[in-house]
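Structure at a glance
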Amino acid sequence: MNYLMRGIGVLATVGTISLLAFSLPSGEAHGDGGDDALPQLTHKNWQQECASCHLAYSPALLPKASWRRVMGGLDQHFGENASLDPVTQADILRFLETHAADSGNSAIGSKVMRRQGVDKAGANEAPLRITETRWFVNKHDEVPRAAWSRKAVGSAANCAACHRQAEQGLFNEHDVRIPK
Ligand code: HEC
Ligand code: HEC
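In this report, the structure presented in the accompanying data block is examined. Nothing here was measured: the structure is a model prediction, and the numbers come from that model.

1. Considerations on the coordination of the iron atom of ligand 2
The coordination sphere of the iron atom of ligand 2, as far as protein atoms go, consists of His 140 (NE2) and His 163 (NE2), spread over 1.9 to 2.0 Å. Given six donor atoms and angles of 88 to 179° at the metal, the environment of the iron atom of ligand 2 is assigned as octahedral. A residue pair is termed long-range when its members are at least 10 positions apart, and His 140 in the segment after helix H8 (134-139) and His 163 in the segment after H8 qualify at 23 residues. The same class applies to His 140 and to His 163, which are both buried.

Here's what the structure looks like:
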């Protein structure tokens, strides 16, 4: 959450200008569409067990070490008990590791990793949250601070609140709308 807070802190000083700016095509960070496409993946257990409380977060958005932490702590998963039988748990972990950010299997994963390693000071090698990665914070630096806590959003983890095709794994910038 540190980086998210820092990111939106910076935003506060930029103020309303960013509100106007974010819909305009701007530079490298936002206009590089194709590379930011998430790989379309299917895996039975993952889709069955990891999409009941929230959408099935793409494995490409966290490194393997993060997925090992997530899958090793399912009994205390963000205040929920999301425990699985050992066979299913191992199967899902294998899938997540195969497609993790540092698996070399997707361009977006490589971007996530490049960001994670930028600066040793405070870099979290195995964040439990996608929303804590530098990649995420940077991608969302133009989202107004207040938007994250709006009732219709609730939390940054609620991707589908703004990405209207998130359930289909589509995060294209043209399908983004921040709810009022
Ligand atoms: C019983 C409900 C439940 C199940 C089942 C569940 N989760 Fe979660 N998960 C949560 C809650 C609650 C959060 C926190 C959401 C928030 O902060 O708004 C969360 C958050 C996460 C996050 C962090 C999101 C972020 O970037 O902030 C990841 C990663 C995650 N879950 C992965 C998984 C995986 C992988 C599975 C399947 C093995 C799974 N979850 C199954 C309830 C669940
Ligand atoms: C409060 C609204 C909001 C939430 C919640 C949100 N996003 Fe975003 N997201 C945005 C905005 C706004 C952009 C910037 C679009 C642009 O580049 O103009 C963006 C950009 C992105 C991009 C880059 C798209 C591209 O083509 O450049 C990805 C990928 C993405 N978000 C994934 C996620 C994921 C995964 C989650 C949940 C863990 C999430 N977002 C949660 C609003 C949100």
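2. Let's talk about the site of ligand 2
By nearness alone, 20 residues border ligand 2, and His 140, Cys 159, Cys 162, His 163 and Phe 171 come closest of all. Measuring from a nitrogen atom of ligand 2, one finds a side-chain N or O atom of His 140 at 2.8 Å. Here a nitrogen atom of ligand 2 and a side-chain polar atom of His 163 are 2.8 Å apart.

3. Quick word on the pattern of salt bridges
For the coordinates displayed, the defined rule picks out two salt bridges. Between Arg 68 and Glu 97 there is a salt bridge whose closest N-O contact spans 2.7 Å. Of the two residues, Arg 68 sits in helix H5 (residues 64-72) while Glu 97 sits in helix H6 (residues 86-98), which places them 29 residues apart along the sequence. Taking the relative accessible area as the measure of exposure, Arg 68 reaches 44% and is therefore partly exposed. Close ionic contact of Arg 94 with Asp 91 constitutes a salt bridge, the shortest N to O distance being 3.9 Å. Of this pair, Arg 94 and Asp 91 both sit in helix H6, three residues apart, which is roughly one turn of that helix.

The rules behind each value
- Sequence order sets the numbering: in each chain, residues are counted from 1 along the sequence as written.
- Here every chain gets a letter starting at A, and every ligand a number starting at 1, in the order they are written.
- Reporting of local features is limited, given that this is a predicted model, to residues whose pLDDT is at least 70; pairs of side-chain atoms are given and counted only at 80 or more, and all residues count toward the totals for whole chains, interfaces and linings.
- Side-chain measures here rest on the full set of heavy atoms in the structure, leaving out hydrogens and waters.
- Because no water is among the atoms considered, metal sites can look incomplete, with donors defined as N, O and S atoms within 2.8 Å of the metal, or 3.2 Å for Na, K and Ca.
- The rule is simple: four donors are tetrahedral if all their angles sit between 85 and 135 degrees, four are square planar and six octahedral if opposite donors span more than 155 degrees and the others lie between 65 and 115, and anything that fits none of that is irregular.
- A run of H or I in DSSP counts as a helix once it spans at least four residues, and a run of E counts as a strand once it spans at least two, with each numbered from the N terminus.
- Partly exposed describes any residue whose relative accessible area lies between the buried limit of under 20% and the exposed limit of over 50%, with all areas from a 1.4 Å probe on protein chains only and scaled to the type maximum.
- To be near a molecule or strand, a residue needs just one of its heavy atoms within 4 Å of it.
- Two N or O atoms form a polar contact when they lie within 3.5 Å of each other; inside protein one atom must be a possible hydrogen donor and the other a possible acceptor, and for residues adjacent in sequence the pair counts only when both atoms belong to side chains.
- In what follows, salt bridge is the name for a side-chain nitrogen of Lys or Arg lying within 4 Å of a carboxyl oxygen of Asp or Glu.

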